[in-house]
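# Structural overview
For reference, the chains in residue letters:
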Amino acid sequence: GQRYVSVISAAARRMGRLIDDLLSFSRMGRTEMHLAMVDQSTLVADVIREGGFDRTEPPVDWHIAPLPTLRADATMLRQVWINLISNAVKYSAKVPHPRIEIGVRPDASATECVFYVQDNGAGFDMQYVAQLFGVFQRLHADAEFEGTGIGLANVRRIVTRHGGRVWAEGCVGR
């Protein structure tokens, strides 16, 4: 009987996370944007500290470049950074020496900044890259890496609302 209760409890927690993530996804598409100048370096540092990502086991080797200040909705961009950083931490947690780089580089046309979050974790096969930013799309089994499949869809929605674009590059095991 205890095993059944445990299974039901775990399923209920998973369903609760899924519902919360769906509500967040829905809100990000309809919420009015409040644009202001947002220091991305401060925002990233806050997300890492508040999320406890600086206290992981094994400890992450962080490499964070200075990031610019942008006119954006701070609440929405906080969610973008939370999703990207938590994914990098999650997918690199199984390597002996996780390393995460966060930075920015101007694109070739110099009309936009290209932010990046790079890790040395599980990686993914580029043939499935189109699925990454879809709702409920996951490239790893739930038993291997927990998640709802909504985080990166939320990232795409928020970045698109800000006039940007999002993509991923990867390789299995890197």
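Here goes a summary of the coordinates provided.

Cut-off values and rules
- Residues numbered from 1 in each chain as written.
- Predicted model: local features only at pLDDT ≥ 70, side-chain atom pairs only at ≥ 80, totals over all residues.
- Heavy atoms only, no water.
- Helix = DSSP H or I, 4+ residues; strand = E, 2+ residues; numbered from the N terminus.
- Buried < 20%, exposed > 50% of the residue type's maximum accessible area, 1.4 Å probe, protein only.
- Contact = heavy atoms within 4.5 Å.
- Polar contact = N/O pair within 3.5 Å; in protein donor to acceptor, adjacent residues only side chain to side chain.
- Core = buried A, V, L, I, M, F, W, Y, C linked by side-chain atoms within 4.5 Å.
- Axes fitted to C-alpha atoms, helices over the stretch in contact; angles between N-to-C directions.
- Parallel < 35°, antiparallel > 145°, perpendicular 65-115°, else oblique.
- Left-handed = near helix turned anticlockwise from the far one by under 90°.
- Nonpolar A, V, L, I, M, F, W, Y, C, P; charged D, E, K, R; others polar.

Across its full length, the protein chain carries 4 helices and 5 strands. Written out in order from the N terminus, the α and β elements of the protein chain read α-β-α-β-β-α-β-β-α. Residues counted as buried form 30% of the 174 residues belonging to the protein chain. A fraction of 71% describes how many contacts in the protein chain between residues 6 or more apart in sequence connect residues 24 or more apart.

Here Gly123 lies in the loop between β5 (113-119) and α4 (151-161). Exposure remark for Gly123: the relative accessible area of 18% places this residue in the buried category. Considering only alpha carbons, one finds Gly123 and Tyr91, 32 residues apart in sequence, at a separation of 7.4 Å.

Along the chain, Asp46 falls in helix α2 (residues 40-50). Residue class for Asp46 comes out buried when judged on its relative accessible area of 17%. At 3.0 Å, the side chain of Asp46 and the side chain of Arg49 are in polar contact. In this structure Asp46 touches Gly51 and Arg78, once residues within four positions along its chain are discounted.

Cis peptide bonds are those with omega within 30 degrees of zero, and the linkage from Glu57 to Pro58 qualifies with -5 degrees. Tracing the backbone through its elements, the reader meets Pro58 in the loop between α2 and β2 (61-64).

So, on to the nonpolar core. Ranked by size, the top nonpolar core spans 27 residues in total, and within it Val44, Trp81, Ile85 and Ile102 carry the most contacts. Only α2, α3 (74-92), β4 (99-106) and α4 provide two or more residues apiece to this core. The element contributing the most residues to this core is α3, with 7 residues. Each residue touching Trp81, except ones within four places of it in the same chain, is listed here: Gln40, Leu43, Val44, Val47, Leu67, Ser86, Ile102, Phe115 and Val117.

Once that is clear, we can look at the packing of α2 against α3. At a minimum axis distance of 10 Å, the contact between α2 and α3 shows a crossing angle of 55 degrees. Viewed along their axes, α2 and α3 adopt a mutual orientation that is oblique. The handedness of the crossing between α2 and α3 is right-handed. Facing Gln40, Leu43, Val44, Asp46, Val47, Ile48 and Glu50 of α2, the residues of α3 in contact are Ala74, Leu77, Arg78, Trp81, Ile82 and Ile85. The residue makeup of the contact of α2 with α3, split by class, is 9 nonpolar, 1 polar and 3 charged.

Just geometry here; none of it tells us what the structure is for.
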